[in-house]
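# Architecture and fold: a report
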Amino acid sequence: SPKRLIVSSDYELQFLVAHLDLKAQTSSDTPYRHRDRCSKSNLYGGLVSSVHELRDLKGIRGAYFLFPDVSIRSVGTYTIQIKLFRITP
């Protein structure tokens, strides 16, 4: 089950890091040789992001993780998993 990460101050935000991974591939039309490959070889680009303090369209401040150049090599249906880590100072 997912766990909640509680951030108690703005100071702690700078120590948060998110990492992307492919959790599963569910497409049956993907060639057999690609279904058995490690999912990490299908996902490439900047897979790690630090937190960015930005404002949404309503002007409300929030913490966001940006992954502008992530791509998947093989055609199929995937689930992207995001893992959030706190790096201790």
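Everything that follows concerns the structure shown earlier in this document.
Residues numbered from 1 in each chain as written. Predicted model: local features only at pLDDT ≥ 70, side-chain atom pairs only at ≥ 80, totals over all residues. Heavy atoms only, no water.

Further remarks concern the overall build of the protein. Across its full length, the protein holds 3 helices and 6 strands. Put simply, the protein runs from its N terminus to its C terminus through helices and strands in the order α-β-α-α-β-β-β-β-β. Looking at the 89 residues of the protein, the share that counts as buried comes to 21%. Long-range contacts, defined as pairs at least 24 residues apart, comprise 65% of the intrachain contacts of the protein with a sequence gap of at least 6. (Helix = DSSP H or I, 4+ residues; strand = E, 2+ residues; numbered from the N terminus. Buried < 20%, exposed > 50% of the residue type's maximum accessible area, 1.4 Å probe, protein only. Contact = heavy atoms within 4.5 Å.)

So, on to the pairing of strand 3 (residues 48–55). The side chains of a regular strand alternate between both faces of the sheet. With 5 bridges joining them, strand 3 and strand 4 (residues 61–65) adopt antiparallel strand pairing. Bridging from a neighbouring strand, arginine 55 pairs with arginine 61 of strand 4. As consecutive antiparallel partners, strand 3 and strand 4 are separated by 5 residues, and within that stretch glycine 59 has a phi angle of approximately 85°, a positive value. (Pairing = 2+ DSSP bridges.)

If you trace the backbone, glutamine 81 turns up in strand 6 (residues 78–86). Separated by 58 residues in the primary sequence, glutamine 81 and lysine 23 have C-alpha atoms spaced 5.6 Å apart.

Considering the arrangement of structural elements, one finds serine 49 in strand 3. A polar contact of 3.1 Å, which involves the side chain of serine 49, links it to the backbone oxygen of leucine 66. For serine 49, the residues in contact, after removing those within four places along its chain, are Leu16, Val17, Ala18, Phe65, Leu66 and Phe67. (Polar contact = N/O pair within 3.5 Å; in protein donor to acceptor, adjacent residues only side chain to side chain.)

Before going further, it helps to spend a moment on the packing of aromatic side chains. Aromatic ring pairs are defined here through the distance separating the ring centres and the angle between the ring planes. The final tally for this structure, using the stated rule, is 0 aromatic pairs. The side chain of arginine 73 reaches across the aromatic face of tyrosine 44, ending 4.3 Å from its centre. (Phe/Tyr/Trp six-rings, centres within 6.5 Å; stacked < 30°, edge-to-face > 60°. Lys NZ or Arg CZ within 6 Å of the ring centre and 35° of its normal.)

Within the element layout of this structure, serine 74 appears in the loop between strand 5 (71–72) and strand 6. One polar contact links serine 74 to asparagine 42, side chain to side chain, over a distance of 3.1 Å.

Glancing now at a nonpolar patch on the surface. Side chains of Leu54, Tyr64 and Leu66 sit close together on the surface and give an oily, nonpolar patch of about 240 Å² of accessible area. Locating tyrosine 64 in the fold gives a position in strand 4. (Patch = residues over 30% accessible without salt bridge, like charges linked within 9 Å, V, L, I, M, F, W, Y side chains within 5 Å. Areas by Shrake-Rupley, 256 points an atom, 1.4 Å probe, with all protein chains shown as cover. Salt bridge = Lys/Arg side-chain N within 4 Å of Asp/Glu carboxyl O.)

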